[in-house]
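Residue strings, one per chain:
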Amino acid sequence: MSRKNIFFIIAILFATGILIQIEFNISKTIIAIVLTFLIVCSSIFLINKKRSTGLMFCALLICIAGMVRICIFDIQSSNDAYQLIGNDVTLRGTIAESPILYAKEAGSVYLLKLDELVHQNGKKEKVSGYLRVYDDYYAFFYEPGDYIETTGTVKSFNEFKNPGKAEYKNVNKGKHIIGILLPKKGSSVIEKTNSYYIERICKKIKDKIENTFSKYVTDKNLPILMSLLFGGNYNNISPKEIEAFSTTGIIHILSVSGSHITLLFGFIYMLGKWFQLKEKSILILTTAAIFIYAAISGFSPPVIRSSIMGFLAIVAIFSEREKQALNVLGATVFIMLIANPYYISDISFQLSVGASAGILIFYKLIEIKLQKIISYKRITQAAALSISAQLLIVPIILYNFHNFPIYFIFSNIFVTPLLDFVIIFGLTAAIFVWILPPLSGGILYITDYILEFSLTINHFIANLPKARYLTGGMNLSEVLTYYGAILFVYVNKKIRKEKIMYIGSISLLSLLIITTIYLKITEEKEYVIIPDTGKTVSAGIISKNEKILYYEYKGNRFSGKEFKSVLEYYGIGETDILILNINGTENINTIPDIPAKKILIIGKDKNQLINQLQKKGYFVENAQNKTIKYKQDLNIHVNNEDCIIERKDNAIYFMHGNFSNTLKTKKGILFIECNEKIRKRNEIKQNDFEVFFSKSDKKRKNEGNEINVSDTGMIKLNYKDKWTLSN
């Protein structure tokens, strides 16, 4: 990577500053002092022609600039109406996007730009920010630009505090979305404004295309085709298809990417040359087409990135600077982060930029290496493209999804080219919808057959043995070692002549590898995790010999998926025993989908759920008021809804109120409160337990060993003579 890629380097430094500030929230005073110091130092060294030292200070200055940008953004967003959270309010505002219909539900969700808070006495107060409205009162018929009045409860986003997932709180903060609104009655449209006029027109265009497509494409394939062409539409795609795309590692193709912009440019360029237009005219037409396409697709981070990068790339081509691809990517990222620094927390932005950078940096190198092994050019190109796209995003994938697609090369060789044809034919059909509808219909018939064939191959690959390998998340030392190794391999030949730099690089990489191996060897093999799953109670008791999970559903339909995600982050894909306190629920979809050798059911109204689980092939046992001896030093006691997992020298007590004195051990008791309404807390003395976990808003007085998981986030403990926190 040479100095010609200056914008790419600037973007990396600027992004680093943003990440540092998000993670550590450094004082604005300290940032101002460091910024002043760096400006003075860089100026002095550059004036005195000490270029290398001056450039080093300039690099630090760009990093600090990223920190300054996010501080400015936070100051601007402090005016958003966060004081509304937790209150029943009447609000007025403008619908900022097309309502999206819930999958299989009679309701819709849309974004509301706030304008006024209407008090009970009729007084109006100006407020700012956005709310995500979940409306069950036929809001699907609203349009962007409608000025409405609505009454409901404002709630904060259900942001669980667990490792191994994207920071959606920061993503929403970047969009000035303060929370969600649950209307208590139907909203009323006060007037139709000219605001969001472009969004309204684009929705009509997209609806027209979709309605025409629906005549020629099967109901199953239509939402997939619309996602391939314009992104979004994920709610209407069956979970089975989403799972298959995820397993084969090509789920990114359901989002708008640079390939879409490239295909669009190629089509317009071909038409322009056909009609003998000047290059300036072709550039103007292409720019307009990219803007319209981005608007129809929705201005999400990958759409914005692809559009800006596509535009800059086209300008570079016409100015005969097409080799500046990394600079174009860097300029795109830099522009986007200046506009909204919290884009960096958006996983779609991370994957999109990482894959693009990987292709631009490593594609040629990998292709040359593969050509020495495989003679068939198209296979080497497809494999090189697939590997280079994955190379920089592996830590991001493992941190957020905890699985690695084993057969991603095969899906990129056999499925992705077919889907590229689907995109080409689909975009062509979308254009002919307005020019020659019968021709559009003919193209769509062919497109539907190709799409069905590609989905069949994709399902075949997804169903191969071990198609997805559960890796767990990567810790900081593993991430640094991974990127350090890639960087060393890339610059190895270039720095070999510089002996000091070369030896230093080897030493640093060796230190990272040794640290990673040491941490891996010394990590706890036996521990208890208590994740944040809202009011739902969940825990994992993990050891070398067994894995036991406890799960008690309490009204949050997302808690099961959250529990499974936390377990996968720790590399736990199956369990020996899953204890389910069903708490009256009869819906199998409310429990975590975790393979278990045995399921113990406690709680009320068990029969229907037991039958559902048995039909799915699980071995299920009614454990109500039983003592189950699982192994020599492990017993599970159930007293009504209380559950005690008793081990050789400690016990984990899931408490509802039927306090048991049957425990053999009198030390190492870990209490997890499941229902504070049933049992008065002062009935439990402090010497009854070592650690007391609560999910209540009420705190026990003078109890230093009580921990509220909703406040702290996920807790990890291990036991060696006593319970200790390990995170």
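Values in this document were obtained by computation on a predicted structure and should not be read as measured data.

The contact between helix 5 (residues 197–213) and helix 16 (residues 416–435) brings their axes to 10 Å, and the two run at 105 degrees. One element, helix 5, and the other, helix 16, form an angle in the roughly perpendicular class. Contacts from I205, K208, I209, T212 and F213 in helix 5 reach G426, A429, A430, V433 and W434 in helix 16. Residue composition of the contact of helix 5 with helix 16, by class: seven nonpolar, two polar and one charged.

Quick look at the sheet that holds strand 24 (residues 715–719) now. Judged by pairing direction, the sheet is mixed, and its eight strands sit side by side in the order 16-15-14-13-12-11-24-25 without closing on themselves. In this open sheet, the two edge strands, each paired with only one partner strand, are strand 16 (620–622) and strand 25 (723–725). When the angles between neighbouring strand axes are averaged without regard to direction, this sheet yields 20 degrees. Pairing of strand 12 (residues 537–542) with strand 13 (residues 547–552), which is carried by six bridges, proceeds in the antiparallel orientation. What sits directly across from A539, in strand 13, is Y550.

On to the environment of T724. Relative to the helices and strands, T724 is located in strand 25. On the basis of relative accessible area, T724 is assigned to the partly exposed category, the value being 30%. It is 9.9 Å that separates the C-alpha atoms of T724 and Y527, two residues lying 197 residues apart in sequence. Residues contacting T724, with those up to four places away along its chain left out, are K716, L717 and N718.

On to the side chain of N221, then. Following the sequence through the fold, N221 ends up in the loop between helix 5 and helix 6 (222–230). Taking relative accessible area as the criterion, N221 reaches 0% and is therefore assigned buried. In terms of polar contacts, N221 uses its side chain to reach the side chain of D448, at 2.9 Å. Leaving out residues up to four positions away in the same chain, N221 has contacts with D448, L451, E452 and L455.

Going residue by residue along strand 11 (residues 527–530), you find Y527 and I529 tucked away on one face and V528 and I530 tucked away on the opposite face as well. Alignment of strand 11 against strand 12, held across three bridges, turns out to be antiparallel. Looking at the pairing, I529 lines up with G540 of strand 12. The hairpin turn running from strand 11 into strand 12, its antiparallel successor, is six residues long, and G534 in that turn takes a positive phi close to 70 degrees. Pairing of strand 11 with strand 24, which is carried by three bridges, proceeds in the antiparallel orientation.

Right, let's get into the pairing of strand 17 (residues 627–631). In summary, the side chains of a regular strand alternate between the two faces of the sheet. Note: strand 17 against strand 18 (residues 634–639), four bridges, orientation antiparallel. Residue pairing for strand 18: K629 is matched across the bridge by N635.

The full count for this structure, using the stated rule, is 18 salt bridges. The shortest N-O distance in the salt bridge between E243 and R468 comes to 2.4 Å. Placement of the pair is E243 in helix 7 (residues 239–247) and R468 in strand 10 (residues 468–470), with a sequence separation of 225 residues. When its relative accessible area of 39% is taken as the criterion, E243 is described as partly exposed. Note on R468: relative accessible area 30%, which makes it partly exposed. For K716, the salt bridge identified is with E524, shortest N-O distance 3.5 Å. Of this pair, K716 sits in strand 24 while E524 sits in the loop between helix 19 (499–522) and strand 11, and the two are 192 residues apart along the sequence. Given a relative accessible area of 12%, K716 falls into the buried group.

What follows covers the packing of helix 7 against helix 17 (residues 437–462). In contact at an axis separation of 9 Å, helix 7 and helix 17 are set at 65 degrees when each is read in the N-to-C sense. Regarding the angle of helix 7 to helix 17, the classification is roughly perpendicular. Every pair of crossing elements has a handedness; the one defined by helix 7 and helix 17 is left-handed. For the pair helix 7 and helix 17, the contacting residues are K240, E241, A244, F245 and T247 in the first and L455, N458, H459 and A462 in the second. Residue composition of the contact of helix 7 with helix 17, by class: four nonpolar, three polar and two charged.

Basis of the calculations
Residues numbered from 1 in each chain as written. Predicted model: local features only at pLDDT ≥ 70, side-chain atom pairs only at ≥ 80, totals over all residues. Heavy atoms only, no water. Axes fitted to C-alpha atoms, helices over the stretch in contact; angles between N-to-C directions. Helix = DSSP H or I, 4+ residues; strand = E, 2+ residues; numbered from the N terminus. Parallel < 35°, antiparallel > 145°, perpendicular 65-115°, else oblique. Contact = heavy atoms within 4.5 Å. Nonpolar A, V, L, I, M, F, W, Y, C, P; charged D, E, K, R; others polar. Pairing = 2+ DSSP bridges. Buried < 20%, exposed > 50% of the residue type's maximum accessible area, 1.4 Å probe, protein only. Polar contact = N/O pair within 3.5 Å; in protein donor to acceptor, adjacent residues only side chain to side chain. Salt bridge = Lys/Arg side-chain N within 4 Å of Asp/Glu carboxyl O. Left-handed = near helix turned anticlockwise from the far one by under 90°.

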